[in-house]
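Structural description and commentary
Each chain, written out:
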Amino acid sequence: MITNGAPTAIADVDLLRVSAAVEPERTWRLNPNISHNTSTACILQPGESLTSRVQLLDAAGVPVSPALNMKLVITFSFRDADSQWWKRDIGQPPQRCEARPVA
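Residues numbered from 1 in each chain as written. Predicted model: local features only at pLDDT ≥ 70, side-chain atom pairs only at ≥ 80, totals over all residues. Heavy atoms only, no water.

1. Brief notes about the overall build of the protein
So the rule is basically this: Where helices and strands are cited, they refer to DSSP runs of H or I of at least four residues and of E of at least two residues respectively, numbered from the N terminus. Each radius of gyration is computed over the set of C-alpha atoms, and the globule rule expresses the reference value as 2.2 Å times the number of residues to the power 0.38. Here's how the labels work: a residue is buried when its accessible area is under 20% of the maximum for its type, exposed when over 50%, partly exposed in between, all with a 1.4 Å probe on protein chains only. The contact criterion used is simple: two residues touch if any of their non-hydrogen atoms lie within 4.5 Å.
Regarding its fold elements, the protein presents zero helices and ten strands. For the protein, the α and β elements follow one another from N to C terminus as β-β-β-β-β-β-β-β-β-β. Relative to the globule expectation of 13 Å for 103 residues, the C-alpha radius of gyration of the protein, 14 Å, shows essentially globular dimensions. When its C-alpha atoms are laid out on the principal axes, the protein stretches across 40 × 30 × 25 Å. Buried residues in the protein amount to 32% of all 103 residues. Considering only contacts in the protein between residues 6 or more positions apart, those separated by 24 or more positions represent 58%.

The structure is reproduced here in structure tokens:
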């Protein structure tokens, strides 16, 4: 879940990466079993959230169950009201970007 904690709207929110902190080489995908599941939001007003249901994948691309208390690193990007691009790992300060970040 990505929540806009800013006092102004943010735009072009994009979930870039989800990984296990102890196994960052694992890939991920949106869970195909959940309808209307998305990794993007056009605009998030203050307090609004984007919830994406994801699956972690092993090296062969097979979904794996997360271990109990597994810490995930979730990276997303957004554009602020001044059209500045940012990239952020949840729980860390945002990083300013010159162009739209890609996964």
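Moving on from the model shown.
2. Some points on the environment of N37
In plain terms, the rule: For this analysis, a polar contact is any N or O atom pair within 3.5 Å, provided that within protein one partner can donate a hydrogen and the other can accept it, and provided that sequence-adjacent residues contribute only side-chain to side-chain pairs.
Tracing the sequence through the fold places N37 in the loop between β3 (27-30) and β4 (40-44). Given a relative accessible area of 17%, N37 falls into the buried group. Among residues more than four places away in sequence, those in contact with N37 are L30, N31, T51, S52 and R53. At 2.6 Å, the side chain of N37 and the backbone oxygen of R53 are in polar contact.

3. Digging into the packing of aromatic side chains
The test is simple: Classification of ring pairs uses Phe, Tyr and Trp, with its six-membered ring standing for Trp, and accepts pairs whose centres are within 6.5 Å; under 30 degrees between planes counts as stacked, over 60 as edge-to-face, and the remaining range as tilted. The criterion is that NZ of a Lys, or CZ of an Arg, lies within 6 Å of the ring centre and within 35 degrees of the ring normal, and then a charge sits over that ring.
Considering all chains together, one arrives at one aromatic pair under this definition. For the cation-ring pair, R79 lies above W85, with the distance from its terminal atom to the ring centre recorded as 5.9 Å.

4. A word on the sheet that holds strand β8 (residues 72-79)
Short version of the rule: DSSP bridges decide pairing: two strands pair if at least two such bridges lie between them. Inter-axis angles, ranging from 0 to 180 degrees, are taken between N-to-C directions of lines fitted to C-alpha atoms, where helices are fitted over the stretch in contact.
The strand order across the open sheet formed by five strands is β4-β2-β8-β9-β10, and the pairing between neighbours is antiparallel. At either end of the open sheet lies a strand with only one pairing partner, and these are β4 and β10 (95-97). The average undirected angle you get between the axes of adjacent strands in this sheet is 25°. Bridge count for strand β2 (residues 10-20) against β8 is seven bridges, and the pairing is antiparallel. Across the sheet, residue A11 finds its bridge partner in β8, namely R79.

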